Amino acid sequence: MKQLLDDTKMIKNIAAAQLVKVFFPFVIVKTEDHQYWKLNLSEKESQDPLFWESMKKILQEKIWVPVGRKYHQMLDNGWEISPES
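Residues numbered from 1 in each chain as written. Predicted model: local features only at pLDDT ≥ 70, side-chain atom pairs only at ≥ 80, totals over all residues. Heavy atoms only, no water.

Caption draft 1: Main features of the overall build of the protein. Scanning the protein from N- to C-terminus turns up two helices and four strands. Reading the helices (α) and strands (β) of the protein from amino to carboxyl end gives β-β-β-α-α-β. Evaluated residue by residue, the protein yields a buried proportion of 29% over its 85 residues. Taking the contacts inside the protein whose residues are at least 6 apart along the sequence as the reference set, 55% of them involve residues at least 24 apart. Surface exposure of the protein reaches about 6,300 Å², of which carbon and sulfur atoms provide 53%. (Helix = DSSP H or I, 4+ residues; strand = E, 2+ residues; numbered from the N terminus. Buried < 20%, exposed > 50% of the residue type's maximum accessible area, 1.4 Å probe, protein only. Contact = heavy atoms within 4.5 Å. Areas by Shrake-Rupley, 256 points an atom, 1.4 Å probe, with all protein chains shown as cover.)

Here you go:
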């Protein structure tokens with residue numbers, strides 16, 4: 001059974017956020033605490049058309065995504081714990 005971040009101590013380092021603006025080369029999110037952050041994207045993400053299309057869909061659907069508080073990056077595995085954690 002997969003474990004969720006909410007069920008671990010790691011959740012303290014994660015913020016739930018909704019995308020508010022998606023425009024190359026920026027993705028802006030709003031956290032539950034009403035803070036606005038610019039996501040730090042990797043070079044690969046910045047150059048990937050599928051990534052940008054996915055971000056637009058997430059924005060459109062108003063899906064909450066997990067973002068690391070320190071580096072302002074979206075988590076690769078979403079709300080699930082990765083197997084190596």
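Back to the write-up after that little detour.
Caption draft 2: Structural detail: the sheet that holds strand 3 (residues 36-38). As summarised here, the arrangement of the four strands in space is 3-2-1-4, forming an open sheet in which the pairing is antiparallel. At either margin of the open sheet sits one strand with a lone partner, and together these are strand 3 and strand 4 (64-68). Here the average twist between neighbouring strands, direction ignored, is 45°. When strand 2 (residues 26-31) meets strand 3, the two strands line up antiparallel, connected through three bridges. Looking at strand 3, one finds that K30 is bridged to Y36. (Pairing = 2+ DSSP bridges. Axes fitted to C-alpha atoms, helices over the stretch in contact; angles between N-to-C directions.)

Caption draft 3: The arrangement of the side chain of T31 in detail. Inspection of the secondary structure assignment puts T31 in strand 2. Judged by its relative accessible area of 4%, T31 falls in the buried class. Apart from the residues within four sequence positions on either side, T31 is in contact with A15, A16, A17, W37 and W64.

Note that every value here comes from positions in space, so none of it alone points to a role or purpose.
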